[in-house]
Amino acid sequence: MTKRERLTAACAGQPVDRVPFSLWYHFRLDPPAGEGMAKAELDFYHRYSPDLFKVMHDIPYEMPEGMPEARTPEEWRNLPVLDGVSGNFGAQLDTVKRIVAGRGDDGPVIDTVFSIFSTAEKVSGKRTLDMLRSDPDAAHVGFRALTASLANYARALAFAADGIYLAISGCASDTMDASVYRENFLGYDQQILEAAAPAPFNVVHHHGAGIYADMVLGLKGYRIYSWSDRLPGNPGVREMRLRTQACLMTGVDETTFGTCDAGDVARQVRETVAATNGRGMIAAPGCAVPTPPESSDACLRAFALGVGA
């Protein structure tokens, strides 16, 4: 099977020649987009050969000149709608296009799109919930502008690559009550996914501990569900298999990745494969693993070892 054939089969719950895998970490380059970033990503891809090529998105959300953060109700109301194809988004989109052109095989390429709460936290200096409590009308004006901007980028990615990796944070008991997320953020996440609907390999990544799994599982427009199955309070692989027929992407504890050895990583991968009987599964870390040298080359290669690649 080619990588694309393998992932297509996995997403459909059909037999595969081996379980596909993916892995990623933050490159922390300056600048975080462009030719240098594309080369770093391609070097990583050709070294470790993951089936799903998950591009890291470290470029900041572009704010209006003279407004580094949205701190006041007026600033929230004045957040502009970005077109998703110019400025910082355009630089990242160009990076993705370079990566697609240089990968050398048919491995699907996806790029991160941060969810509405994730993005709101970035542009507000983590004051999103404070603004929501003090002036919910202003907060939602800003949310709508951010959502339109993120949807524009997701729409562009759907045609430039093979999907988005919608990184959803906040939808977990370690951040807020379930009702707060459902009433204020979930609908915006759905709009972003809808913008990427033409893409074949959309992923929702459910970040955090004590996740409200059923809330995100109820979203439409994705085929792959990613979460940290080894974090406290989160469902394990067997439990999640009973709750959804989406392709599951998880298995390796990213929080201990920098201190474990290659044997531990391969063992976790094999445990995950066994828990799903090798169907509807992509072996992967629960989130980004540490940037080398904290992550060793041997541990990064152990994903392929665990699935028998």
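Structure's up top.
Reading the values: the criteria
Residues numbered from 1 in each chain as written. Predicted model: local features only at pLDDT ≥ 70, side-chain atom pairs only at ≥ 80, totals over all residues. Heavy atoms only, no water. Phe/Tyr/Trp six-rings, centres within 6.5 Å; stacked < 30°, edge-to-face > 60°. Helix = DSSP H or I, 4+ residues; strand = E, 2+ residues; numbered from the N terminus. Buried < 20%, exposed > 50% of the residue type's maximum accessible area, 1.4 Å probe, protein only. Lys NZ or Arg CZ within 6 Å of the ring centre and 35° of its normal. Pairing = 2+ DSSP bridges. Salt bridge = Lys/Arg side-chain N within 4 Å of Asp/Glu carboxyl O. 1 Å grid on protein atoms, 1.4 Å probe; cavity = no way out; pocket = protein on both sides within 12 Å on 5 of 7 lines; lining within 4 Å. Points joined across faces, edges and corners; volume = space filled by probe spheres on them. Nonpolar A, V, L, I, M, F, W, Y, C, P; charged D, E, K, R; others polar. Axes fitted to C-alpha atoms, helices over the stretch in contact; angles between N-to-C directions. Parallel < 35°, antiparallel > 145°, perpendicular 65-115°, else oblique. Left-handed = near helix turned anticlockwise from the far one by under 90°. Contact = heavy atoms within 4.5 Å.

Draft legend 1. Representation of the packing of aromatic side chains in the model. Applying the stated criterion to the full structure yields 15 aromatic pairs. On the numbers, 5.6 Å between centres and 70° between planes, the contact of Trp 24 with Tyr 165 is edge-to-face. Taken as a pair, Trp 24 in the loop between α1 (3-11) and α2 (35-48) and Tyr 165 in strand β3 (residues 164-168) lie far apart in primary sequence, 141 residues in all. Each member of the pair, Trp 24 together with Tyr 165, is buried. An aromatic cluster of three or more residues is present, and its members are Trp 76, Phe 117, Phe 143, Tyr 181, Phe 185 and Tyr 188. Over the ring of Tyr 165 we find Lys 54, and its NZ or CZ is 4.3 Å from the ring centre. The ring of Phe 114 carries Lys 122 above its face, with NZ or CZ at 4.3 Å from the centroid.

Draft legend 2. Inspection of the pairing of strand β2 (residues 109-114) at higher detail. Most of β2 is tucked away: five of the six residues are buried. As paired elements, strand β1 (residues 53-55) and β2 share three bridges and run parallel to each other. Residue Phe 53 lies in a different strand from β2, and its bridge partner there is Val 109. Pairing of β2 with β3 involves four bridges; the strand directions are parallel. Paired with Thr 112 across the strands is Tyr 165, a residue of β3.

Draft legend 3. Structural view of the pattern of salt bridges. Overall, the coordinates contain 18 salt bridges when judged by the stated rule. Here Lys 3 ties to Asp 105 by a salt bridge, and the two come within 3.1 Å at their closest N and O atoms. In this pair, Lys 3 sits in helix α1 while Asp 105 sits in the loop between α4 (87-102) and β2, placing the two residues 102 residues apart along the sequence. In this structure Lys 3 comes out as buried when scored by relative accessible area, which is 10%. Judged by relative accessible area, which is 31%, Asp 105 ranks as partly exposed. The closest approach of N and O atoms between Glu 271 and Arg 230, which form a salt bridge, is 3.1 Å. Of this pair, Glu 271 sits in helix α12 (residues 262-276) while Arg 230 sits in the loop between β5 (224-227) and α11 (237-243), placing them 41 residues apart in sequence.

Draft legend 4. Region of interest: the layout of surface pockets. Estimates place the volume of the largest pocket at around 600 Å³. With four residues, helix α5 (residues 116-124) is the largest single contributor of residues to the lining of the largest pocket. Of the residues belonging to the lining of the largest pocket, the class tally is 15 nonpolar, nine polar and six charged.

Draft legend 5. Region of interest: the packing of helix α7 (residues 136-160) against helix α9 (residues 186-195). Direction vectors running N to C along α7 and α9 enclose 20°, while the axes themselves pass 7 Å from each other. The pairing of α7 with α9 is recorded here as roughly parallel in orientation. Viewed along their axes, α7 and α9 form a crossing whose handedness is right-handed. Taken together, the residues of α9 that come into contact with α7 (itself represented by His 140, Phe 143, Arg 144, Thr 147, Leu 150, Ala 151, Ala 154, Arg 155 and Ala 158) are Tyr 188, Gln 191, Ile 192 and Ala 195. Along the lines of polarity and charge, the residues of the contact of α7 with α9 split into eight nonpolar, three polar and two charged.

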